[in-house]
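Working through the structure, step by step
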Amino acid sequence: MASVTSLDQDMAELRKSKYDAKSAAEAKAWIEGILGENLSSEDLIDILKDGVVLCRLVNIIVPSANLKYKTSRMPFVQMENISMFLRAAASLGLPQYDLFQTVDLYEAKDPAQVLQTLYSFSRHANKQNSTVPLLGPKLATKQDPQVKYPKQGVDIPAWNTHQYGYMGGASQGSEKIVFAKRRDIVNKP
């Protein structure tokens, strides 16, 4: 008989399954390259858990940030370090959807989101300063859309039926919806 799992367990397994060891190794190598030192042989999430490495990373990439981090074994201090990194990353221009939550790293709830934040952080740092090495793909630049002008003498509709959800002549009458008609209330014996 198969065991029944809760939705929380299923979601936790799904988030952990998205964590890729190869991507984690690339991110770890990127961090080591910027810091100029080898990190321990632990898993990347365990290395980043106290937030110190993240704050040092920001201080090297964005010297004006000048994060004042603390090395401590106390959980609230470690989570404050992580929060400082997240604020610095947001000020660098990372969109909200690319940022992980503090518990995603500290409690290893969503390690894949932590990797996504590191990749996005490297792209935005590279956009600000091209000497920062890039981790993953480069950010695209916005291009102006090509404006197409209709040919002379061609009649174009005022609105696009597909764009506005044209329902093919649907109306209240065709949907058998009755408004303002008499209703009979009948008592059944």
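Since the model is a prediction, treat every value here as computed from it, not as a measurement. (Residues numbered from 1 in each chain as written. Predicted model: local features only at pLDDT ≥ 70, side-chain atom pairs only at ≥ 80, totals over all residues. Heavy atoms only, no water.)

1. Regarding the packing of aromatic side chains
- In this structure the tally under the stated criterion is three aromatic pairs.
- Relative to Phe-100, the ring of Phe-85 has its centre 6.2 Å away and its plane inclined at 20°; by these criteria the two rings are stacked. In this pair, Phe-85 is assigned in helix H5 (residues 75-92) and Phe-100 in the loop between H5 and helix H6 (102-106), connecting sequence segments 15 residues apart. Neither Phe-85 nor Phe-100 differs from the other in exposure class; each is buried.
- Counting every residue linked through ring pairs, the aromatic cluster contains Trp-30, Phe-85, Phe-100 and Phe-121.
- Against the face of Tyr-106 rests Lys-49, its NZ or CZ located 4.8 Å from the ring centre. (Phe/Tyr/Trp six-rings, centres within 6.5 Å; stacked < 30°, edge-to-face > 60°. Helix = DSSP H or I, 4+ residues; strand = E, 2+ residues; numbered from the N terminus. Buried < 20%, exposed > 50% of the residue type's maximum accessible area, 1.4 Å probe, protein only. Lys NZ or Arg CZ within 6 Å of the ring centre and 35° of its normal.)

2. Details of the pattern of salt bridges
- Applying the stated criterion to the full structure yields three salt bridges.
- Between Glu-107 and Lys-109 there is a salt bridge, and its shortest N-O distance comes to 3.8 Å.
- By relative accessible area, which is 40% here, Lys-109 ends up partly exposed. (Salt bridge = Lys/Arg side-chain N within 4 Å of Asp/Glu carboxyl O.)

3. Describing the nonpolar core
- Grouped together as the largest cluster of nonpolar side chains are 39 residues, with contacts concentrated most on Trp-30, Ile-31, Leu-44, Leu-48, Phe-85 and Phe-121.
- Residue assignment for this core shows that the elements contributing at least two residues are helix H2 (21-35), helix H3 (44-48), helix H4 (52-61), H5, H6 and helix H7 (111-128).
- Looking at which element gives the most residues to this core, the answer is H5, with seven residues.
- In this structure, Trp-30 is in contact with Leu-57, Ile-61, Leu-118, Phe-121, Ser-122, Val-132, Pro-133, Leu-134 and Leu-135, ignoring residues within four places of it in sequence. (Core = buried A, V, L, I, M, F, W, Y, C linked by side-chain atoms within 4.5 Å. Contact = heavy atoms within 4.5 Å.)

4. Regarding the packing of H2 against H4
- Packing of H2 against H4 leaves a shortest axis separation of 10 Å and a crossing angle of 55°. With respect to H4, the axis of H2 lies oblique. For the pair H2 and H4, the crossing hand works out as left-handed. Across the interface between the two elements, Trp-30, Ile-31, Ile-34 and Leu-35 from H2 touch Val-53, Arg-56, Leu-57, Ile-60 and Ile-61 from H4.
- Residues belonging to the contact of H2 with H4 are distributed by class as follows: eight nonpolar, no polar and one charged. (Axes fitted to C-alpha atoms, helices over the stretch in contact; angles between N-to-C directions. Parallel < 35°, antiparallel > 145°, perpendicular 65-115°, else oblique. Left-handed = near helix turned anticlockwise from the far one by under 90°. Nonpolar A, V, L, I, M, F, W, Y, C, P; charged D, E, K, R; others polar.)

5. Structural notes on unusual backbone geometry
- Backbone geometry at Asn-66 places phi at a positive 45°, although glycine is not the residue there.
- When you line up the elements, Asn-66 lands in the loop between H4 and H5.

6. A closer look at H4
- Among the 10 residues that make up H4, seven are buried, leaving the element largely enclosed by the rest of the structure.
- Among the residues of H4, those classed as buried are Val-52, Val-53, Leu-54, Cys-55, Leu-57, Val-58 and Ile-61.
- Turning to H4, the residues buried within the fold contact H2, H3, H5, H6 and H7.

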